[in-house]
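Chains, contacts and geometry: an overview
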Amino acid sequence: MASRKQKKQRKSVISSFLEITNGQTEETAVKILNATNWNLDEAILRFNNNSNNIDEDENEVEVDIEDEVRPPLPVVKDTLCYYPQYYQQKNPEVWESEDNSEVWGSEEPSDNKNNNNNLASLYRPPVDLMFNGSFEKAKDVGSDENKWLLVNLQSPKEFTSHTLNRDTWADEAVSQTIRASNFIFWQVYDDDDDDDDSECRKVCGYYKLDSLPVVLVIDPITGEKMRKWCGMVDPVSLLEDLLSFMESGPRDQLERATKTQLPPYPPVHEQMPAYPAVPEEPLQVARNLVCRIGIRLPDGRMIRRNFLLTDPVQLLWSFCFSQLEEANQTRQFRLTRPDPGAPKPLDYNSKMTFQESELNNSVILVTLE
């Protein structure tokens, strides 16, 4: 008797098999999966090799998902497809050649030996769209070229990551939009659970992501997360959501926010307040204890500063005051967060901490009264 957990797992495997083989019956799926001890990869390969020879009357196997005749053999894990970052490290001489068909296999099968490569090719990452470099390098290029950073973090253990490659990034409209619009596409995967310094782990920690796959739109100038999609996102929905980012780049949007007419907002203080002393910037502190903020000063300079999440938000005024030119230190100023829609002024009298104010990875505009 199969356990409830086994039944649930097998139903999921059947669903994946039917999705990949498109048009097959559940009976056929159960028959082939049972013959391969419910190994999805092996079942797909067997189906590809023998799809023309399946006889519904011969060697019929009666399978009841509720009552199994025999216990399953131990699970055997294998690689569904290669990933370019891993292959680049192991085979740089092949990767650097113009023809990297050796990585993914030919587009059309020539014999049974190539079926595994052809299956990998179906789910291969969009190598022709991807930026080749680190996350920080991608941000630098995006900032220089005034392009948004479109990030896809994947896990080879999650089948949704593979369907993103097959259905979304391989979609012609999506790929053309990425090439022609204001985007730099950066994809990386979590290939080593023990490597805390991997690019994927760094980005997940920075943006507090707890599940993969995920797609982000990031402002490369400030590092601010603009949009987020979790799990599978179909091509049509993705393109609709990206429309607002196609009209202009991050620099254009920031300039518009700076020049936007601010709503009437009375000064909080009649006289310049006695700002608290600014402590030293926390540099040797765990990342999850730090609030990182980008600050646009009246003279156009863009600076970044880290604060402890437990610090009072009033320290933000103290730091901004210290960065103003001497001629402007006698004038009142206000801090504004340029969120989508109307800008949101910040209140100096607030007693909240940086963590309570949810300012992490935000951009703050400093304007003089």
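Right, let's walk through the structure included here. (Residues numbered from 1 in each chain as written. Predicted model: local features only at pLDDT ≥ 70, side-chain atom pairs only at ≥ 80, totals over all residues. Heavy atoms only, no water.)

Notes on the overall build of the protein chain
A tally of regular secondary structure across the protein chain gives 15 helices and nine strands. Counting over 369 residues, the protein chain shows a buried share of 44%. Look at the contacts in the protein chain between residues 6 or more apart in sequence, and 68% of them connect residues 24 or more apart. When the accessible surface of the protein chain is split by element, carbon and sulfur atoms take 46% of a total near 20900 Å². (Helix = DSSP H or I, 4+ residues; strand = E, 2+ residues; numbered from the N terminus. Buried < 20%, exposed > 50% of the residue type's maximum accessible area, 1.4 Å probe, protein only. Contact = heavy atoms within 4.5 Å. Areas by Shrake-Rupley, 256 points an atom, 1.4 Å probe, with all protein chains shown as cover.)

Overview of the sheet that holds strand 5 (residues 290-296)
With respect to topology, five strands assemble into an open sheet ordered 6-5-9-7-8, the strand pairing being mixed. Two strands bound the open sheet, and with one partner strand each, they are strand 6 (302-308) and strand 8 (344-345). When strand 7 (residues 333-337) meets strand 8, the two strands line up antiparallel, connected through two bridges. Across the sheet, the residue bridging to Arg337 is Lys344, located in strand 8. (Pairing = 2+ DSSP bridges.)

Description of unusual backbone geometry
In this structure, Pro213 follows Leu212 across a cis peptide bond, with omega equal to 5 degrees. Unusually for a residue other than glycine, Lys208 sits at a positive phi of about 55 degrees. Relative to the assigned elements, Lys208 resides in the loop between helix 11 (199-206) and strand 3 (214-218). Even without being glycine, Glu358 reaches a positive phi, approximately 55 degrees. Using a relative accessible area of 61% as the deciding quantity, one classes Glu358 as exposed.

Some details on the side chain of Ser175
When you line up the elements, Ser175 lands in helix 10 (residues 172-180). Discounting residues that sit within four places of it in the chain, Ser175 has contacts with Leu129 and Trp169.

A closer look at the pattern of salt bridges
A side chain with one charge may pair with a side chain of the opposite charge, provided their charged atoms come close. Within this structure, the stated rule accounts for seven salt bridges. We note a salt bridge from Asp128 to Arg179, for which the minimum N-O separation is 2.5 Å. Residue Asp128 is located in the loop between helix 7 (115-122) and helix 8 (135-145), and its partner Arg179 is located in helix 10; the two are separated by 51 residues in the primary sequence. The class of Asp128 is exposed, set by a relative accessible area of 58%. The partly exposed category is assigned to Arg179, whose relative accessible area is 48%. As a salt-bridge pair, Asp241 and Arg227 come within 3.6 Å of each other at their nearest N and O atoms. Of this pair, Asp241 sits in helix 12 (residues 235-246) while Arg227 sits in strand 4 (residues 225-230), and the two are 14 residues apart along the sequence. (Salt bridge = Lys/Arg side-chain N within 4 Å of Asp/Glu carboxyl O.)

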